[in-house]
Amino acid sequence: MAINTQNVSLRISAGLPKQFPTDKMVQVALSGRSNVGKSSLVNTLLGRKSLARVSSAPGKTITVNFYDVDKKLFLVDLPGYGFAKRSGDSKKQWSSLTDGYFTNNPNIDLLKVVIQLVDSRIGPTEDDEMMLDFMNASEIPYIIVATKSDKLNATERKKSFEKISSNPFILPDTPIVYFSSLKNEGKNELWKEIYRYTGL
């Protein structure tokens, strides 16, 4: 079943779990720290320039954004984590909202895979590892997307891949996709993985 990525809209920016849509559509969630490139990835995947707003102040927006893709798939952008300047109250709000997605989501059984973004130049941070540990314990499948790959040369990319693939928090045989919104790298490969996990 092909997906028409031209038929896409932001269904809701949910600030509370009770606002999560109840439509029986498969879900693919995006997780990652603030400024890792989630908004750019959404825009590139869906062929749009500004569907997802790229914030100049990372960590500012605390909502779960549900993108309705062709009435077949929800692409769910979770709030970015690991932003040092966020206040204590904001961190609690982020934590409860993200936790609510996994624990208070009426359609959590329709979550097929999480796209876990890491910066290709840095590899998984401590915050990323906490998220990976949670998904491993919850048996939630995930794809690693290494963002900003255009900033690496061939030698750096090899070292980056070795660092990411050998991380003890990343399960063996986990797909690792190198992604660059600037060069459109990884878009088709990521869609193939999304199709594989969702069965669409």
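Everything discussed here concerns the structure shown above.
Residues numbered from 1 in each chain as written. Predicted model: local features only at pLDDT ≥ 70, side-chain atom pairs only at ≥ 80, totals over all residues. Heavy atoms only, no water.

(A) Representation of the side chain of K38 within the structure. Mapping K38 onto the fold places it in helix α1 (residues 38-45). Classification of K38 by relative accessible area gives buried; the value is 9%. At a separation of 2.6 Å, a polar atom in the side chain of K38 contacts the main-chain carbonyl oxygen of L78. (Helix = DSSP H or I, 4+ residues; strand = E, 2+ residues; numbered from the N terminus. Buried < 20%, exposed > 50% of the residue type's maximum accessible area, 1.4 Å probe, protein only. Polar contact = N/O pair within 3.5 Å; in protein donor to acceptor, adjacent residues only side chain to side chain.)

(B) Broad picture of the side chain of N107. Mapped onto the fold, N107 is located in the loop between α2 (88-103) and β5 (111-119). Since its relative accessible area comes to 1%, N107 is described here as buried. With near-sequence residues (within four places) excluded, N107 lies in contact with P21, T22, D23, K24 and Q27. (Contact = heavy atoms within 4.5 Å.)

(C) View of the environment of D99. Counting through the fold element by element, D99 comes out in helix α2. Between the C-alpha atom of D99 and that of P17, which follows or precedes it by 82 residues, the distance is 9.2 Å.

(D) Expanded view of α1. Among the eight residues that make up α1, seven are buried, leaving the element largely enclosed by the rest of the structure. Every buried residue of α1 is listed here: K38, S39, L41, V42, N43, T44 and L45. For α1, the elements touching its buried residues are β2 (26-31), β3 (64-69), β4 (73-77), β5, β6 (142-147) and α5 (187-198). The positive-phi residue at the C-terminal boundary of α1 is G47, with phi of around 65 degrees.

Nothing here speaks to function; it is geometry throughout.
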